[in-house]
Amino acid sequence: MALPDFSMRQLLEAGAHFGHQTHRWNPKMDKFIFGSRSNIHIIDLSQSIPLLHQALVKVREVAAGGGRILFVGTKRQASDPISVAAKRCAQYYVNHRWLGGTLTNWRTVSGSIARLRELETLLDGGEGAGRLKKEVLKLTRERDKLELSLGGIKDMGGIPDLMFVIDTNKEAIAIQEARKLNIPVIAILDTNCNPDGITYPIPGNDDAARAIQLYCDLLADSVLDGLAAGQSASGIDLGASEAPMEPTLARALTPEPVSEPEVSAPEAAALEAEMTGAAAEPDTTAAEATTAEDGVAAASE
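Calculation rules
- Residues numbered from 1 in each chain as written.
- Predicted model: local features only at pLDDT ≥ 70, side-chain atom pairs only at ≥ 80, totals over all residues.
- Heavy atoms only, no water.
- Salt bridge = Lys/Arg side-chain N within 4 Å of Asp/Glu carboxyl O.
- Helix = DSSP H or I, 4+ residues; strand = E, 2+ residues; numbered from the N terminus.
- Polar contact = N/O pair within 3.5 Å; in protein donor to acceptor, adjacent residues only side chain to side chain.
- Contact = heavy atoms within 4.5 Å.
- Pairing = 2+ DSSP bridges.
- Axes fitted to C-alpha atoms, helices over the stretch in contact; angles between N-to-C directions.
- Parallel < 35°, antiparallel > 145°, perpendicular 65-115°, else oblique.
- Left-handed = near helix turned anticlockwise from the far one by under 90°.
- Nonpolar A, V, L, I, M, F, W, Y, C, P; charged D, E, K, R; others polar.
- Core = buried A, V, L, I, M, F, W, Y, C linked by side-chain atoms within 4.5 Å.
- Buried < 20%, exposed > 50% of the residue type's maximum accessible area, 1.4 Å probe, protein only.

Caption draft 1: The pattern of salt bridges, seen in detail. The tally for this structure, following the rule as stated, stands at 14 salt bridges. For Asp217, the salt bridge goes to Arg88, with nearest N and O atoms at 3.8 Å. Of this pair, Asp217 sits in helix α7 (residues 209-233) while Arg88 sits in helix α3 (residues 76-88), and the two are 129 residues apart along the sequence. Each of Lys75, Asp167, Asp206 and Asp207 takes part in one network of salt bridges that share partners.

Written as structure tokens, this is what we have:
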């Protein structure tokens, strides 16, 4: 097994290069912006690809070492892909609402998780059969509310070793808590985001459903690859497991997301060639300046 493959064409077709309108940008993202078209900033994917690869390598390393990875994305487009990807690779997620102090006040959160388990045992185990209907309804609502906020981290058992975030503006509190606890952060940065404090920044569209699905699939496959590497290093025979799951097969079994407006093949090819050419074009400014100085010196002699 190896890290999942991806290309600039995949990112272009998913719409990962589309930023926000030019007046809604963060100047700190200037170095990651390729240009603008129709008053929309275009993200430089020639920089996104190596940064994304670096993040996937880190994810694989953490998973191989038995670390915990927390997926965070509470916006509507990211909620379902985040939970599906985290469950597929046996990791943890927050996809409804980030409760302040989820990491920095873990002791209190652990008490809420214990209450959630108590309610699950009470309601699912049949112990609430002798209670009034109104009381059972009240307990069910309390359980559902806790499940929305804590259901994805109830089995985490402690502080995560790595955090993956979609939309740093919306998840600013989560990032602040991770920085306070020195937890590395992988984040998708749109043109209106602040890259400061992000350990592994990945410039890309954080609104398009197809782009979010692509990011989550790549992260989940990297986790699975790391888990397989860790099991192989510990001497576990994957072929003897009851239900081994290859990432390629898992992707085939995952339902396709709702389609976004597709980028035409000619447009994708043109952008790919343009970005690749810009990345490969050498900086000739210094050489031209040197030539000009030599010419002036020769003329003075």
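Caption draft 2: Here's a closer look at the side chain of Asn26. Positionally, Asn26 belongs in the loop between β1 (18-21) and β2 (33-37). Only 3.3 Å separates the side chain of Asn26 from the backbone oxygen of Cys193, close enough to count as a polar contact. If we ignore the near neighbours within four places in the chain, the residues touching Asn26 are Thr191, Asn192, Cys193 and Asn194.

Caption draft 3: A look at the pairing of β2. When β2 meets strand β3 (residues 40-43), the two strands line up antiparallel, connected through 4 bridges. Along β3, the bridge assignment pairs Gly35 with Ile42. Between the antiparallel neighbours β2 and β3 lie 2 residues, among them Ser38 with a positive phi of about 55°.

Caption draft 4: Molecular detail of the packing of helix α2 (residues 45-64) against α7. For the pair α2 and α7, interaxial distance at closest approach is 7 Å and the crossing angle is 40°. Here α7 runs oblique to α2, going by the angle between their axes. α7 is crossed by α2, and the crossing has right-handed handedness. Residues Leu52, Leu56, Val59, Arg60, Ala63 and Ala64 of α2 touch α7, and the partners they reach there are Leu218, Leu219, Ser222, Val223, Asp225, Gly226, Leu227, Ala229 and Gly230. Its residues assigned to classes, the contact of α2 with α7 shows 10 nonpolar, 3 polar and 2 charged.

Caption draft 5: Examining unusual backbone geometry more closely. Backbone geometry at Ala90 places phi at a positive 60°, although glycine is not the residue there. Along the chain, the position of Ala90 falls in the loop between α3 and β5 (92-94). Positive phi, normally seen in glycine, also occurs at Asp167, with a value near 75°. Within the element layout of this structure, Asp167 appears in the loop between β6 (162-166) and α6 (172-180).

Caption draft 6: Fine view of the nonpolar core. Counting residues in each nonpolar core, the largest one holds 44 residues, and the members touching the most others are Ile69, Phe71, Ile82, Phe164, Ile166 and Ile186. Apart from the residues within four sequence positions on either side, Ile166 is in contact with Val72, Gly73, Lys75, Ala78, Ile82, Glu171, Ile188, Asp206, Ile212 and Cys216. In this structure, Phe32, Tyr92, Ile113 and Leu150 belong to the second largest nonpolar core, which totals 30 residues.

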